[in-house]
Amino acid sequence: MKTIIEPFRIKAVEPIRMTTREERVKLIRDADYNLFALQSDDVLIDLLTDSGTGAMSAAQWAAIMRGDESYAGSPSFYRFEAAVKDLMPFKHVIPTHQGRAAEAILFSILGGQGRRIPNNTHFDTTRGNIEASGAEAVDLVIDEGRDPRSTHPFKGNMDLDRLRAFLADNHGSVPCVMMTITNNAGGGQPVSLENLRAVAAIAREFDKPFIIDGCRFAENAWFIREREPGQGERGIRAIVRDCFEVADAMTMSAKKDAFGNIGGWLALNDDDMAEAARATLIRTEGFPTYGGMAGRDLEALAQGLAEIVDEHYLRYRIRTNAYVVERLDALGVPVVRPAGGHAVFVDARAWLPHIDPLAYPGQALAVALYEVGGIRGCEIGTVMFGRHPAGTETPAAMDLVRLAFPRRTYTQSHADYLIEVFEEVARVKDGLPGYRITWEPALMRHFTCRFERVEAGAGQGA
Ligand code: F0G
């Protein structure tokens, strides 16, 4: 059959509050054109993030009732720990409330002034935690990973030559080598097993621990199975184990590929590092058998980990993105290709060339998608990255809009509706206005800044 159906049926529904275009035009104006300021029930299809927004299964909700909330030694922790170790064979598993809490603990140990940490591309919170410790976050993804039009099958791969040169030049100041699978900040692009193994070997050669940010490990394993020579007949679980077997530690946001609404962990092999991490955990998150989570969360994650490696789920999951990318491509909308694992990225700068980068074409497209169709995406461009600590502003490398798909939450008709919204935006796109920021905070302005509309050609600095 050529139609890949959602491999589930729906037992509990969340009604979508329907709004009209007129209502949305007013709602987004009242939100000062910042999509983060909208109330989520004013959104028809919420593609702001895939984090924590997925649907849990009946088995996960049932497991929640088993949650044991004992302060110490809860059986829910041991079920969670066994489920993690079944896929990721690390000696110590340290539960945290989110991925960024695991990062904060890790870099309280490995970070510090003068240190430099390489990754394919650091996610924002990883970078934030590294920089907060005084260290520097360095991105060494392959060149194809920075080119929206390259169709390389593993655009998340590390540039091995640059990694080797970087380690040779900075040997004394590098505490570890990291890899993010899939590479979220680089379009959700996968990393091959071959590249993971090569990076691990280089790290070992320079005697550095190798750490995987594993948020979307199952999606990455599916891409390995689909695209890497010799992997096509293998089970997802076996591929996942191969990925983590070569690592010394991992950080995880359980809000992604563990089907959780909340949760995370730090897992590692080194006993001394685990002891230091647990000491910080007790001070900042909680006792080591619950960390930052309730017992019921641990149960939901244990069940979620068993479900995420299901190949029927992964086939449907990855196909959803590819379907949207193919349809948008056919419409002439410039999209990052090939499709990534969890999101579709639209090149707003290329599609709205009449809007100066400093008048935020990504924001212009994100607002238009909301007004026209009630879709909420996220600008990943000059609004997010354009402001510098010195107070200057320059265009970001790209002006993208990310449409991230929550897991098991929307159906194909939602995807078809999204395409129709793009058809309508295509009709009006040449008249879309640009934006100017009227107020912004000192840091991470995109979450809370306020905008007003300007003539399309006029950027702030133009
Ligand atoms: N690492 C990666 C690769 C991520 O994508 C995220 C979160 C984190 C770490 C942090 O995990 O949210 O549990 O603290 N990404 C979300 C997103 C927020 O929308 O891409 P967290």
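Being a predicted model, the structure only gives us computed values, none of them experimental.

Calculation criteria
Residues numbered from 1 in each chain as written. Predicted model: local features only at pLDDT ≥ 70, side-chain atom pairs only at ≥ 80, totals over all residues. Heavy atoms only, no water. Salt bridge = Lys/Arg side-chain N within 4 Å of Asp/Glu carboxyl O. Helix = DSSP H or I, 4+ residues; strand = E, 2+ residues; numbered from the N terminus. Buried < 20%, exposed > 50% of the residue type's maximum accessible area, 1.4 Å probe, protein only. Contact = heavy atoms within 4.5 Å. Axes fitted to C-alpha atoms, helices over the stretch in contact; angles between N-to-C directions. Parallel < 35°, antiparallel > 145°, perpendicular 65-115°, else oblique. Domains from an automatic or database assignment. Buried area = accessible area lost by both parts, 1.4 Å probe. Polar contact = N/O pair within 3.5 Å; in protein donor to acceptor, adjacent residues only side chain to side chain. Nonpolar A, V, L, I, M, F, W, Y, C, P; charged D, E, K, R; others polar. Expected span 1.5 Å × (residues − 1). Pairing = 2+ DSSP bridges. Disulfide = S-S within 2.5 Å.

Caption draft 1: The arrangement of the pattern of salt bridges in detail. According to the stated counting rule, one finds 36 salt bridges in the structure shown. With its nearest N and O atoms 2.7 Å apart, the salt bridge here joins R349 to D399. With R349 in helix α13 (residues 348-351) and D399 in the loop between α15 (382-385) and β12 (400-404), this residue pair connects regions lying 50 residues apart in the sequence. Residue class for D399 comes out buried when judged on its relative accessible area of 0%. The shortest N-O distance in the salt bridge between R453 and E371 comes to 2.8 Å. Residue R453 is located in strand β14 (residues 450-454), and its partner E371 is located in helix α14 (residues 361-373); the two are separated by 82 residues in the primary sequence. Residue class for E371 comes out buried when judged on its relative accessible area of 12%. The structure contains a network of salt bridges with shared partners spanning D50, R216, E219, D257, R317 and R407.

Caption draft 2: Highlighting the side chain of D42. Following the sequence through the fold, D42 ends up in the loop between α1 (21-30) and β1 (45-46). On the basis of relative accessible area, D42 is assigned to the buried category, the value being 9%. Those residues within four positions of D42 in sequence are excluded, and the remaining contacts are R17, T19, L27 and Y370.

Caption draft 3: Main features of the packing of helix α3 (residues 75-87) against helix α9 (residues 236-245). One can describe the packing of α3 onto α9 by two numbers: an axis separation of 7 Å at closest approach and a directional angle of 85°. With respect to their mutual orientation, α3 and α9 come out roughly perpendicular. Seen from α3, the contacting residues are K85, D86 and L87; seen from α9, they are R237, V240, R241 and F244.

Caption draft 4: How the structure looks around the domain arrangement of the protein. Looking at the protein, the domain boundaries give domain 1 (21-50 + 310-454) and domain 2 (58-308). Put simply, the middle of domain 1 and the middle of domain 2, counted by C-alpha atoms, are 27 Å apart. In this complex, domain 1 contributes 24 residues to the contact, which on the side of domain 2 involves 27 residues. Summing both sides of the interface, domain 1 and domain 2 together bury roughly 2200 Å²; the carbon and sulfur share of this comes to 53%. Contact with domain 2 buries surface across domain 1, with L314, P338 and R407 losing the most and accounting together for 24% of the total. Linking domain 1 to domain 2 there are 7 salt bridges. Residues R317 and E219 are paired through a salt bridge, measuring 2.8 Å at the closest nitrogen-oxygen approach. The interface formed by domain 1 and domain 2 includes 17 residue pairs in polar contact (both at pLDDT 80 or more). Sorting the residues of the side of domain 1 that touches domain 2 by element identifies α12 (311-331) and β9 (343-347) as the ones contributing at least two each. A per-element tally of the side of domain 1 that touches domain 2 places α12 first, with 6 residues. Classifying every residue of the side of domain 1 that touches domain 2 by side-chain character gives 11 nonpolar, 3 polar and 10 charged.

Caption draft 5: Seen up close, helix α7 (residues 193-205). Here α7 contains 13 residues, and its C-alpha end-to-end distance of 18 Å stays within 8% of the 18 Å for a straight helix at 1.5 Å per residue. Contacts made by the buried residues of α7 are with α6 (160-169), β5 (177-180), β6 (210-213), α8 (217-227) and α9. Following α7 by one or two positions, D207 adopts a phi angle in the positive range, close to 60°.

Caption draft 6: Representation of the sheet that holds strand β11 (residues 378-380) in the model. Strand order in this open sheet of 3 strands is β9-β12-β11, and the pairing throughout is antiparallel. Edge positions in the sheet fall to β9 and β11, since each of these pairs with one other strand and no more. Shown here is a sheet whose adjacent strand axes are inclined to one another by a mean of 30°, direction ignored. Looking at chain direction, β11 and β12 are connected through 3 bridges and run antiparallel. By the bridge assignment for β12, C378 is matched with R402. Together, β9, β11 and β12 form the strand contacts of α14, whose direction differs from that of β12 by roughly 40°.

Caption draft 7: View of the state of the cysteines. Summed over the entire model, instances satisfying the criterion amount to 0 disulfides. Here C243 is not disulfide-linked; the sulfur of C215 is the nearest cysteine sulfur, at 14 Å. Overall, the relative accessible area of 1% leaves C243 in the buried class.

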